[in-house]
Amino acid sequence: MQDKSFKATTIIIPEVSNRLVLEEAFNQWSDEVKPNSILHVHYYHDMEAHVKGYQVVYEEPWMAGYEIETPKEDVTAHMVV
């Protein structure tokens, strides 16, 4: 069964006032993470802290779970008569 996993992240560049630089950081993040889908992106500007950024909620890429291989025991078969 395939489970969906959602995460949230914040992308900021301190002391940068250029929104194009922030968009480039968002694109770089997207290329690295490769989310299945992006549910919500919120642009914010904190005037007091002088910080601009994006808050992103996204669906993680699905990865098949690793099956743990259990060592098989050597068992001798006996016939019961």
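Residues numbered from 1 in each chain as written. Predicted model: local features only at pLDDT ≥ 70, side-chain atom pairs only at ≥ 80, totals over all residues. Heavy atoms only, no water.

A.B. asks: What exactly am I supposed to notice about the pattern of salt bridges here?
C.D. replies: Across all of its chains, the model carries one salt bridge by this definition. The partner of Lys7 in a salt bridge is Glu60, and the shortest N-O contact between them spans 3.2 Å. With Lys7 in strand E1 (residues 6–12) and Glu60 in the segment after strand E3 (51–59), the pair connects residues that are 53 residues apart, well separated along the chain. (Salt bridge = Lys/Arg side-chain N within 4 Å of Asp/Glu carboxyl O. Helix = DSSP H or I, 4+ residues; strand = E, 2+ residues; numbered from the N terminus.)

A.B. asks: Looking at this structure, how should I read the sheet that holds strand E2 (residues 37–46)?
C.D. replies: The strands making up a sheet associate through backbone hydrogen bonding, with each pair oriented either parallel or antiparallel. Taken together, the three strands give an open sheet; going across it, the order is E1-E3-E2, and neighbouring strands pair in antiparallel fashion. Each end of this open sheet is capped by a strand with a single partner; those strands are E1 and E2. Sheet twist, expressed as the average angle between the axes of neighbouring strands with direction ignored, equals 15 degrees. When E2 meets E3, the two strands line up antiparallel, connected through nine bridges. (Pairing = 2+ DSSP bridges. Axes fitted to C-alpha atoms, helices over the stretch in contact; angles between N-to-C directions.)

A.B. asks: Just checking my understanding: could you explain unusual backbone geometry for this structure?
C.D. replies: Most peptide bonds take the trans configuration, and most residues that are not glycine carry a negative phi. Of note, the phi angle at Lys34 is positive, near 50 degrees, even though the residue is not glycine. Take Lys34: it is sitting in the loop between helix H1 (19–33) and E2.

A.B. asks: Mind showing me how you'd approach a nonpolar patch on the surface here?
C.D. replies: Together, Phe6, Leu39 and Val57 make up a nonpolar patch on the protein surface, roughly 270 Å² of accessible area in all. Looking at the element boundaries, Phe6 is found in strand E1. Owing to a relative accessible area of 46%, Phe6 belongs among the partly exposed residues under this scheme. (Patch = residues over 30% accessible without salt bridge, like charges linked within 9 Å, V, L, I, M, F, W, Y side chains within 5 Å. Areas by Shrake-Rupley, 256 points an atom, 1.4 Å probe, with all protein chains shown as cover. Buried < 20%, exposed > 50% of the residue type's maximum accessible area, 1.4 Å probe, protein only.)

A.B. asks: What exactly am I supposed to notice about the nonpolar core here?
C.D. replies: Soluble globular proteins tend to pack their nonpolar side chains together in the buried interior. By size, the foremost hydrophobic cluster in this structure holds eight residues: Ile11, Leu22, Ala25, Phe26, Trp29, Tyr54, Val56 and Tyr58. Of all the secondary structure elements, the ones that give two or more residues to this core are H1 and E3. Looking at this core, the element that brings in the most residues is H1, giving four residues. For Leu22, the residues in contact, after removing those within four places along its chain, are Ile11, Ile12, Ile13, Tyr43, Lys52, Gly53 and Tyr54. (Core = buried A, V, L, I, M, F, W, Y, C linked by side-chain atoms within 4.5 Å. Contact = heavy atoms within 4.5 Å.)

A.B. asks: I tried to follow the environment of Glu15 on my own but got confused; where do I start?
C.D. replies: Here Glu15 lies in the loop between E1 and H1. You can call Glu15 exposed: its relative accessible area is 77%. Measuring from C-alpha to C-alpha, the distance between Glu15 and Ala49 comes to 9.2 Å, with 34 residues separating the pair along the chain.

A.B. asks: Just checking my understanding: could you explain the packing of aromatic side chains for this structure?
C.D. replies: One pass over the full model with this rule turns up four aromatic pairs. Relative to Tyr58, the ring of Trp29 lies with its centre 5.0 Å away and its plane at 75 degrees, an arrangement referred to as edge-to-face. Highlighted residues: Trp29 in helix H1 and Tyr58 in strand E3, separated in sequence by 29 residues. Assessed through its relative accessible area of 11%, Trp29 is described here as buried. (Phe/Tyr/Trp six-rings, centres within 6.5 Å; stacked < 30°, edge-to-face > 60°.)

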